[in-house]
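Descriptive structure summary
What follows is each chain in one-letter form.
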Amino acid sequence: MKKRVAIIGATGSVGSAGVEVVKANSDIFETLLLTAHSNEKGLLKAKEILNAKHTILTSKENSHNDIINIINDEQIDIVLFAAAGVSCVKLVYDIVHNGTHIALANKESIVTAGKLIIEEAKNKGVKILPVDSEHSAIFQCLMGQRKQYVSKITLTASGGPFRYRPGDAFEYINISEALKHPNWLMGSKITIDSATMINKGLELIEARYLFDMEPDKLDVIIHPESIVHSYITFTDGSTIAQMGKPDMKTPIAVALGYPERICSLVEPVDMFTQKSLTFLKPDLEKFKCLKIAMDVLQKDSNALMTAMNAANEESVKSFLKGSIAFQDIPYVIEDVLAKADITDAQNILEAEENIIKYQKFAAEIISKQ
Ligand code: NDP
Ligand code: MG
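Bear in mind the structure is a predicted one, so any value in this text is a computation, not a measurement. (Residues numbered from 1 in each chain as written. Chains lettered and ligands numbered in written order. Predicted model: local features only at pLDDT ≥ 70, side-chain atom pairs only at ≥ 80, totals over all residues. Heavy atoms only, no water.)

1. Quick notes on the packing of aromatic side chains
- Taken as a whole and judged by the stated rule, the model has seven aromatic pairs.
- On the basis of an interplanar angle of 75° and a centroid distance of 5.4 Å, the ring pair of Phe162 and Phe326 is categorised as edge-to-face. Taken as a pair, Phe162 in the loop between β7 (150-157) and α7 (175-178) and Phe326 in the loop between α13 (302-321) and α14 (329-339) lie far apart in primary sequence, 164 residues in all. In this pair, the class of Phe162 matches that of Phe326, namely buried.
- Between the aromatic rings of Phe170 and Phe326, the centroid separation amounts to 5.8 Å while the plane-to-plane angle is 70°, which identifies the pairing as edge-to-face. Note that Phe170 is positioned in the loop between β7 and α7 and Phe326 in the loop between α13 and α14, a separation of 156 residues in sequence. Phe326 carries the same exposure label as Phe170, and that label is buried.
- The ring of Tyr209 is capped by Arg208, whose NZ or CZ atom sits 4.9 Å from the centre of that ring.
- We note Lys339 situated over the ring of Phe361; from NZ or CZ to the ring centre the distance is 4.4 Å. (Phe/Tyr/Trp six-rings, centres within 6.5 Å; stacked < 30°, edge-to-face > 60°. Helix = DSSP H or I, 4+ residues; strand = E, 2+ residues; numbered from the N terminus. Buried < 20%, exposed > 50% of the residue type's maximum accessible area, 1.4 Å probe, protein only. Lys NZ or Arg CZ within 6 Å of the ring centre and 35° of its normal.)

2. Digging into the nonpolar core
- Ranked by size, the top nonpolar core spans 125 residues in total, and within it Phe81 and Met308 carry the most contacts.
- Excluding residues that lie within four positions of it along the chain, Met308 makes contacts with Ile198, Leu202, Ile205, Ile292, Ala293, Val296, Ile333 and Leu337. (Core = buried A, V, L, I, M, F, W, Y, C linked by side-chain atoms within 4.5 Å. Contact = heavy atoms within 4.5 Å.)

3. Topic: helix α1 (residues 13-24)
- Here α1 spans 17 Å end to end across 12 residues, near enough to the 16 Å set by a 1.5 Å rise per residue.
- Residues of α1 that are buried make contact with β1 (3-8), β2 (29-36), α2 (40-50), β4 (78-81) and α10 (249-257). (Expected span 1.5 Å × (residues − 1).)

4. Quick notes on the site of ligand 1
- Thr11, Ser38, Asn39, Glu108 and Gly187 are the nearest of the 25 residues found near ligand 1.
- In this structure, an oxygen atom belonging to ligand 1 sits 3.1 Å away from a main-chain N or O atom of Gly12.
- Between ligand 1 and the protein, one listed contact pairs an oxygen atom with a backbone N or O atom of Asn39 at 2.7 Å.
- When ligand 1 sits alone it has 910 Å² of accessible area, and the protein chains cover 84% of it. (Near = heavy atom within 4 Å. Polar contact = N/O pair within 3.5 Å; in protein donor to acceptor, adjacent residues only side chain to side chain. Areas by Shrake-Rupley, 256 points an atom, 1.4 Å probe, with all protein chains shown as cover.)

5. Examining the sheet that holds strand β8 (residues 218-222)
- Ordered by their spatial adjacency, four strands build an open sheet running β8-β7-β9-β10, and the pairing between neighbours is mixed. Looking at which strands have only one partner, the edges of the open sheet turn out to be β8 and β10 (239-243). Averaged over all pairs of adjacent strands, the angle between strand axes in this sheet comes to 20°, irrespective of strand direction.
- The pairing of β7 with strand β9 (residues 228-234) spans four bridges and is antiparallel. Bridge assignment links Lys152 to a residue of β9, and that residue is Thr233.
- Helix α6 (residues 133-141) rests against β7, β9 and β10 of the sheet, and its axis sits at about 40° to β9. (Pairing = 2+ DSSP bridges. Axes fitted to C-alpha atoms, helices over the stretch in contact; angles between N-to-C directions.)

In structure tokens form, the structure reads like this:
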């Protein structure tokens, strides 16, 4: 029996890498469903490559229910969830609620509703397999280990395009510079998140929920080569790291193939060519968004995480439209956090209401800039 797969967001950067991995393993996988938001042409191309049975455009009415119905009717085994943004949180939750395993790239849903999604996954016996490269690294380093012996999880960060730029030059950063990531080719939202380094803050929160880890055991280090994708330090002083080329096809293959190792189409790192690996402390004065996210993580408030994530998404959209400057992003987030209620959402509908509330707060603040 082949594994029955769906890819949500098949036209994006992660989604199209997923299409390549599934295609390379067509003896193992059968594709039942592919979705895109509005890119119909890209969706049809992916359908052709994978000979997929169903396609859905999520910008169309009733797509949410159609996706869940197809997942049920076609008895899909695993969903690669590669759509971007927090507007997908309910769909992630409903797939988990439905009892379907999920290879999850969409970090915004975990940052916003991690507690609810993980609880539901436990109730339903659903596996959430991380696709974010750092979390895939931690997932791999934890294999065969006991959590009680973990003393620290360190997420590596490339540092983005501005790792060597002085903080006082941040006011001159323009959109095209911020969209040029030195190591990874990604969608525009996450590329800006990497430039502000809030991406690493979102990932700390993602790790907090995915691995049920205490906030004070989570840390970040800058590693410009993006070869070590993260590492764990154990109580006996051992450190276990996962290494690989910076290519999302590896973590996608790990998640879709689990517990088997399948073809990822990625060559291993050649240590003789690589020669050296470097590590630096992040500058939290310069990367204010990372500092904000680290503070929110330590407060361990899901409500604040939701507010921060919603404010960040609105700020990134506005920056990409040219309505705010790069260095305004942390100030919009701080203003929204100052107005945020600290009561956590009790269910996914409340979480969705909170997202909309904080998106509105952010939009108001931005309109006054
Ligand atoms: P892209 O912008 O490249 O792709 C987004 C995909 O989601 C597209 O298929 C798009 O469809 C679809 N989409 C857009 N809006 C919606 C919506 N409202 N509802 C449903 N689907 C939608 O993003 P990335 O591939 O870069 O990122 C996807 C997710 O993976 C993000 O959450 C990101 O944080 C995470 N991630 C990405 C990494 C990367 O290397 N890119 C690494 C780790 C995590 P259409 O083409 O029709 O617009
Ligand atoms: Mg990542």
